[in-house]
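# Analysis of the macromolecular model
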Amino acid sequence: MEAKLKQANISKEEALKLRENFKTNYLETWAKLAKENIFFKEEFTEILDDSSKPEYKWFLNGKTNISYNCLDIHLPDKAEKTALIFEDEAGNSEHISYKELHQRVIRFSAYLKDIGIKKGDRVCIYMSLCPESIIAMQACMRIGAIHSVVFAGFSAHALRDRINELEAKVLITQNGFTRKNKSIELFKAASEAILENDSVTNLLLFERMKNNNELNSRTEKLISELDIKVNLVEEEIRDNKYQDIEKLSSIEPEWLESNETSFILYTSGSTGKPKGIEHATAGYLLWTKLSSKWVFDLKDDDIYWCTADIGWITGHSYVTYGPLANGATQLIYEGAPNSPEPNRFWELIEKYKVSIFYTAPTAIRSFAQWGLEYIEKHDLSSLRLLGSVGEPIGSETWNWFYEHIGNSKCPIVDTWWQTETGGVMITSLPGAEAAKAGVAGPALPGISAEISPESLLYISKPWPSMLKGIYKNPERFHQAYWSKIEGSYLPGDLASQDEDGYISIGGRNDDVINISGHRMGTAEIETALAKSPLVSESAVVAIPHAIKGQGLVCFVILSENTSNDSEDKQKELSQKLSEHICYEIGAHARPEKIISCPALPKTRSGKVMRRLLQEIAQGKEPSGDISTLEEKSILKDLLKNI
Ligand code: WTA
């Protein structure tokens, strides 16, 4: 298995040494790594300030810039090296060198400054995975503006809530893009999201589908109806003043103190309201750079491909920042894995000779279902390392991935981490530590993962890429992560550890669920349902799903009694509510089933008994103790409706 990794970036001996160094000299080891791996304009004066826990401050008083560390530092020796290989669903492609990427980023950052964006301003990005969105993120970083990327699958409603909380000054979007051969009209949702908003001063539009006349005339009409200025970015940037690259290069990037906010990314928690996770600068940069190098064993001649979208943390840490900080060449692909055919990914791996492939279990389960015939006709021998992220992979899917994609030769890194942790926390180091099927692995060197007697995973020491807070909500930050185990960070996952120190992740311990690797809260779906006049109460549970990992089942009590309605009518109602969820959140939250019921099973104190609903949703007779159930007759009614 280690055949393809003879000289891994971290050898077995180096891994042992690193672990030893962290054990004996925790802070000094981090400091040494920071000095070796990051360009600081001004050196830090203190490694860790823990005087106001849990608001830890790393590399105090250091001044740096993330984008500078991703681009400028490579210009002396990697200017002509390809940074991004982009391909869209239709097969149009683009190669962008480090020099060109740098130029496009400085141009766009100068433009952002010209329209009045300053350090600390929030900029919302609602775009597909394409060079322009990566450039937009990097440009924000360069001028110290705080970007908040909203996954392009989120609805106008969800986008609006985020923009409003952020009080964003700018929304950057595009007219649309193609996925599964359909036009996704982002501008339409973006323009809806800023109606009745007074913080956004500019709506920036990239016309990525310039040739789509129908879409363009719809966009033009929408623009004429808006009472806000829409900037056609590409046109405006063609202005002479953005062509003098030498002059633009001489503009200093904004040097941020290590702990100033670099970006905010919303994620789901156990309440109805998503949390704006705020990350710092130097620590985040250090760990995304180091973990990319260690975990993906990035080498100069690798072609690295992470399939995550920029709308999620994986697309931040392991597309936009980590690989570029390492000067790697990476592939980015805008379309769906099965469009036009289910061989699309394998075609891309063969075409670009991808050597490192990082994807999600839900995708792997789909590949397995689509069949080997789509894989076998492609030469995947360029692959040398595989990675998985986002949900438990399970040994069956792990083995399938290992055998059919890695040809039983490539190590797999099953990486456990979260939006909040900034980078990978638990996985085996390829070339140094053997992986075990379905087991994430040991904590990475420098990461102190432990497990409580109640099987709760926790991190007992602060680490550089830890979240710095929840935007506008310090109480929730304290309460959600730091209140259960004294002095430790609690991610909310269950885990167990074997005799070798390898950690298996056992799913969540809260109401956070994972649908096709998309993190969601059941309370978020319930909040969305509550906004429908058709619903008076609801309870949402997750059930196992063969491809998506988990699927949603919503139990709803309707405002009006519909029990005498025809089956067709009831179906129509279900459909309506399903659409309502997509409208409030996005199509990725579409439930598997909506079950209307006269009442929900509750305890005497009024708490919904989710455990029972979970069993019922799977068509099982409720097992275990039901003595606390207030009205036992409810169960019969519920089972009747399944
Ligand atoms: C889950 C994604 C098992 C976990 C990077 C975590 C995983 C949540 C794994 C974070 C893995 C992520 N094995 N479970 N390798 N990776 N998870 O914030 O429940 O979108 O808490 O970050 O995904 O999801 P998030």
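Residues numbered from 1 in each chain as written. Predicted model: local features only at pLDDT ≥ 70, side-chain atom pairs only at ≥ 80, totals over all residues. Heavy atoms only, no water.

Here we take up the sheet that holds strand S29 (residues 549-558). The mixed open sheet is built from 3 strands, whose spatial order is S28-S29-S30. Single-partner strands in this sheet number two, and they are strand S28 (535-545) and strand S30 (593-596). Across the sheet, the axes of successive neighbouring strands diverge by a mean angle of 25°, strand direction being ignored. As judged from the 10 bridges shared by S28 and S29, these two strands associate in the antiparallel manner. Paired with alanine 542 across the two strands is leucine 552, which belongs to S29. (Pairing = 2+ DSSP bridges. Helix = DSSP H or I, 4+ residues; strand = E, 2+ residues; numbered from the N terminus. Axes fitted to C-alpha atoms, helices over the stretch in contact; angles between N-to-C directions.)

Let us now look at the domain arrangement of the protein chain. Many structure descriptions define interface size as the accessible area lost when the parts assemble. Looking at the protein chain, the domain boundaries give domain 1 (12-496) and domain 2 (516-640). For domain 1 versus domain 2, the separation of C-alpha centres amounts to 34 Å. With 24 residues of domain 1 at the contact, the number on the domain 2 side is 20 residues. Summing both partners gives a buried area of about 1,600 Å² for domain 1 against domain 2, and 47% of it is carried by carbon and sulfur. (Domains from an automatic or database assignment. Contact = heavy atoms within 4.5 Å. Buried area = accessible area lost by both parts, 1.4 Å probe.)

What the rule picks out here adds up to 44 aromatic pairs. Geometrically, the ring pair formed by phenylalanine 40 and phenylalanine 44 is edge-to-face, given 5.3 Å between the ring centres and 65° between the ring planes. The two residues phenylalanine 40 and phenylalanine 44 agree in class, both being buried. Here phenylalanine 296 and tyrosine 358 contribute two aromatic rings whose centre-to-centre distance is 4.5 Å and whose plane-to-plane angle is 55°, an arrangement assigned as tilted. (Phe/Tyr/Trp six-rings, centres within 6.5 Å; stacked < 30°, edge-to-face > 60°. Buried < 20%, exposed > 50% of the residue type's maximum accessible area, 1.4 Å probe, protein only.)

Inspection of the entire model under this criterion finds 4 cavities of 30 Å³ or more. If you add up the space inside the largest cavity, you get close to 70 Å³. If you trace the largest cavity, you find it lined by Ile106, Ser109, Ala110, Lys113, Arg142, Ile143, Leu248, Ile251, Glu252, Pro253 and Glu254. Among the elements of the structure, helix H5 (98-114) and helix H6 (131-143) are those that each provide at least two residues to the lining of the largest cavity. Per-element accounting of the lining of the largest cavity gives the leading share, 4 residues, to H5. Looking at the lining of the largest cavity, its residues break down into 6 nonpolar, 1 polar and 4 charged. (1 Å grid on protein atoms, 1.4 Å probe; cavity = no way out; pocket = protein on both sides within 12 Å on 5 of 7 lines; lining within 4 Å. Points joined across faces, edges and corners; volume = space filled by probe spheres on them. Nonpolar A, V, L, I, M, F, W, Y, C, P; charged D, E, K, R; others polar.)

Attention shifts here to the sheet that holds strand S16 (residues 303-306). Through backbone hydrogen bonds, the strands of a sheet pair up, either in parallel or in antiparallel fashion. Pairing is mixed in the open sheet, where 7 strands are placed in the order S5-S4-S17-S16-S18-S19-S20. The open sheet has two edge strands with one neighbour each: strand S5 (93-97) and strand S20 (412-415). Averaged over all neighbouring strand pairs, the angle between strand axes comes to 15°, with direction disregarded. Bridge analysis of strand S4 (residues 82-87) against S5 gives 5 bridges, and the strand direction is antiparallel. Its bridge partner lying in S5, threonine 82 is registered against serine 97.

Where S29 meets S30, 4 bridges bridge the pair, whose relative direction is parallel. Residue pairing for S30: phenylalanine 555 is matched across the bridge by isoleucine 595. For the segment spanning S29, helix H20 (residues 567-584) and S30, crossover handedness is right-handed. (Right-handed = clockwise from strand over helix to strand, strands pointing away.)

Thr415, Thr419, Asp493, Arg508 and Arg519 are the nearest of the 17 residues found near the ligand. Within the side chain of threonine 419, an N or O atom sits 2.6 Å from an oxygen atom of the ligand. A distance of 2.7 Å is found between an oxygen atom of the ligand and a side-chain nitrogen or oxygen belonging to arginine 508. Protein chains shield 95% of the accessible area of the ligand, which is 530 Å² for the free molecule. Taken together, the elements giving at least two residues each to the shell around the ligand come down to helix H13 (313-325), S20 and strand S25 (503-508). (Near = heavy atom within 4 Å. Polar contact = N/O pair within 3.5 Å; in protein donor to acceptor, adjacent residues only side chain to side chain. Areas by Shrake-Rupley, 256 points an atom, 1.4 Å probe, with all protein chains shown as cover.)

What follows concerns the layout of surface pockets. By volume, the second largest pocket is sized at about 580 Å³. Taken together, 21 residues line the second largest pocket, and the ones lying closest to its centre are Gln570, Ile595, Ser596, Cys597 and Asn641. Of all the elements in the fold, those that place two or more residues in the lining of the second largest pocket are S29, H20 and S30. Of the residues forming the lining of the second largest pocket, the biggest block, 6 residues, is contributed by H20. Looking at the lining of the second largest pocket residue by residue, the classes come out as 10 nonpolar, 7 polar and 4 charged.

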